[in-house]
Structure formats: C-alpha cells, structure tokens
Amino acid sequence: MTSIPLAEELLLLAYDDRTGKATGSRIGLDLGMAAAVLVDLALVGRVAYVDGFLKAVDPTPIGDPIADAVLARVAEDEPHTPAQWLQRLRHRLRTRVLEDLVSRGVIQDVDETQMGVIHVHRFPTTDHAFEAEIRGRLAAALTSEALCDERTAALATLLCATRMEPALRLPPEETARAHDRLEQIAAGAGFSGSANLEDSIVRPAVALVVATLGKAIAVSLGAPKPA
C-alpha cells in the first residue's frame, strides 16, 4: 500500500471511525499535524534543524500540495524556531487535510444541522485500509521487538507529544508495555527496536527535527519537555 502523509496518519488515528468526531485535544492534534508535515519534509531532505531554527535546505517540491505549500513558506520566510513554525502552520491545516481525505474517499463529510441553523460536520471513515495499516505498524513497534522505521518512530513521537496515546486503542494487556515503548521512542531511543541509541537506524538529521518538534508540542501543551 502506498504510504500517506504523516499528517493524514495522525488525523485518521485521532478521529473516531464511526462517529467521525475528533477525540482528545484539538490544539494538540493541530500542532501534531503541523509537525507531521515538517517531519515529512525532513524525511525527504527538504528541511533541517540548523542553529536553533527549522530551515529549508532544498526548496524542490515533493509533489504533495500541502507539504509543498509549507516548504515554499519555510523557504521564503525568515528563519523561525520549531515552536514558532508550529503556531504559524497549524491554522486551517486540519481543514485542508480533511478535504484531501474526503476527495480521495478515505473519509466521508457528513454535514448535519443542529437547531435548524448550526452546521456540524462529522468525518466517519469509509476506507479503513489506510488506518488498519497505520495501527498495524504502531502495534508492531510498540508491543514487539520489531524494527521501527523512521516514519513509524516519528509518528509514535508525535502521538506521545500530543497526548494521543488513548487513540491507539490497544488491548488492555498490551497497554503498559506499549506506554513504556512509546515513551522510549519519544525520548529518542528505540528507533531500531532497541533502547540502545547506537543501534538506531534513523538518520541523525531526521531524529533532530522529530525531537525538537516533539519538545515544542509538549511545551505548547503545558507538559514537561521529554527527556
């Protein structure tokens, strides 16, 4: 199956499949999605963390409209810290990602009217294949000794920073182990299935972007910085 952007993966995990409503912190999700777009750009060598700022190191578009718009903005604007970029990018990002998923038939836009005048939109899942693949990757990374690739490690870190752990919906008997593993990955270890940082297969430049964005989210939400 073709991978989808990390922001879409985070959103699919955050929205209830049946009710189509967002669960957990809305601000946390918005910050996490903004971080996810930047991480995707880091994964393909377009942005990097340099001297305290996130900067565009290659302005070449990657072919994704949302990511390319963010890349152009990072390349054209003055340098900003990870926290500053999260605040600048989070507004209306979720709407754009929802629209994209609806256009591809992954979710459905259900427009309901309350009290005759108030429109409320729900987004139940119509194509469960993508979310099933995402949950399978995360379950393997968090409850087994399976190797954890860069994208899955980044997604786990964002889940931890945005306090979205309940969205994993793991069996009770696996929750404690998954929690420990999630925190381990968010702390920078476990990218290769090991607690030994020397065994990590994640590229240092990508790990640095993920770590700084994760810390920026945690601070924005009022949580202590991850170790």
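Whatever comes next refers back to the structure up there.
Computed from a prediction, not measured in an experiment: that's the story for all the values here. (Residues numbered from 1 in each chain as written. Predicted model: local features only at pLDDT ≥ 70, side-chain atom pairs only at ≥ 80, totals over all residues. Heavy atoms only, no water.)

Trainee: Got a sec to walk through the overall build of the chain? Specific residues and values, please.
Mentor: The helix and strand inventory of the chain stands at nine helices and four strands. Listed by position from the N terminus, the elements making up the chain come as α-α-β-β-α-α-α-β-β-α-α-α-α. When each of the 227 residues of the chain is scored for burial, the buried share is 45%. Restricting the contact set of the chain to residue pairs at least 6 apart, pairs at least 24 apart contribute 62%. (Helix = DSSP H or I, 4+ residues; strand = E, 2+ residues; numbered from the N terminus. Buried < 20%, exposed > 50% of the residue type's maximum accessible area, 1.4 Å probe, protein only. Contact = heavy atoms within 4.5 Å.)

Trainee: Describe the packing of helix 7 (residues 150–161) against helix 8 (residues 172–186), listing the residues and the values that go with them.
Mentor: At a closest axis distance of 8 Å, the pairing of helix 7 and helix 8 adopts a crossing angle of 105°. On the basis of the axis angle, helix 7 is roughly perpendicular to helix 8. Contacts between helix 7 and helix 8 pair A153, A156, T157 and C160 from the former with L182, E183, I185 and A186 from the latter. Looking at side-chain class alone, the contact of helix 7 with helix 8 contains six nonpolar, one polar and one charged residues. (Axes fitted to C-alpha atoms, helices over the stretch in contact; angles between N-to-C directions. Parallel < 35°, antiparallel > 145°, perpendicular 65-115°, else oblique. Nonpolar A, V, L, I, M, F, W, Y, C, P; charged D, E, K, R; others polar.)

Trainee: Break down the pattern of salt bridges for me, with residues and values.
Mentor: All chains considered together, the criterion is met by 13 salt bridges. Among the ionic pairs, R104 bridges to E8, the shortest N-O distance being 2.9 Å. Separated by 96 residues along the polypeptide, R104 in the loop between helix 5 (93–103) and strand 3 (110–114) and E8 in helix 1 (residues 6–14) bring together distant segments of the chain. Residue R104 is classed as partly exposed on the basis of its relative accessible area of 40%. What makes E8 buried here is its relative accessible area of 3%. In this structure, the salt-bridge partner of R137 is E9, at a minimum N-O distance of 3.0 Å. With R137 in helix 6 (residues 129–143) and E9 in helix 1, this residue pair connects regions lying 128 residues apart in the sequence. (Salt bridge = Lys/Arg side-chain N within 4 Å of Asp/Glu carboxyl O.)

Trainee: Any chance you could break down the nonpolar core for me, citing the residues and the numbers?
Mentor: Counting residues in hydrophobic clusters, the biggest one holds 64 residues, and the most contacted among them are L38 and L86. Discounting chain neighbours no more than four positions away, the residues touching L38 are V47, L54, V70, V74, W85, L86, L89 and L213. (Core = buried A, V, L, I, M, F, W, Y, C linked by side-chain atoms within 4.5 Å.)

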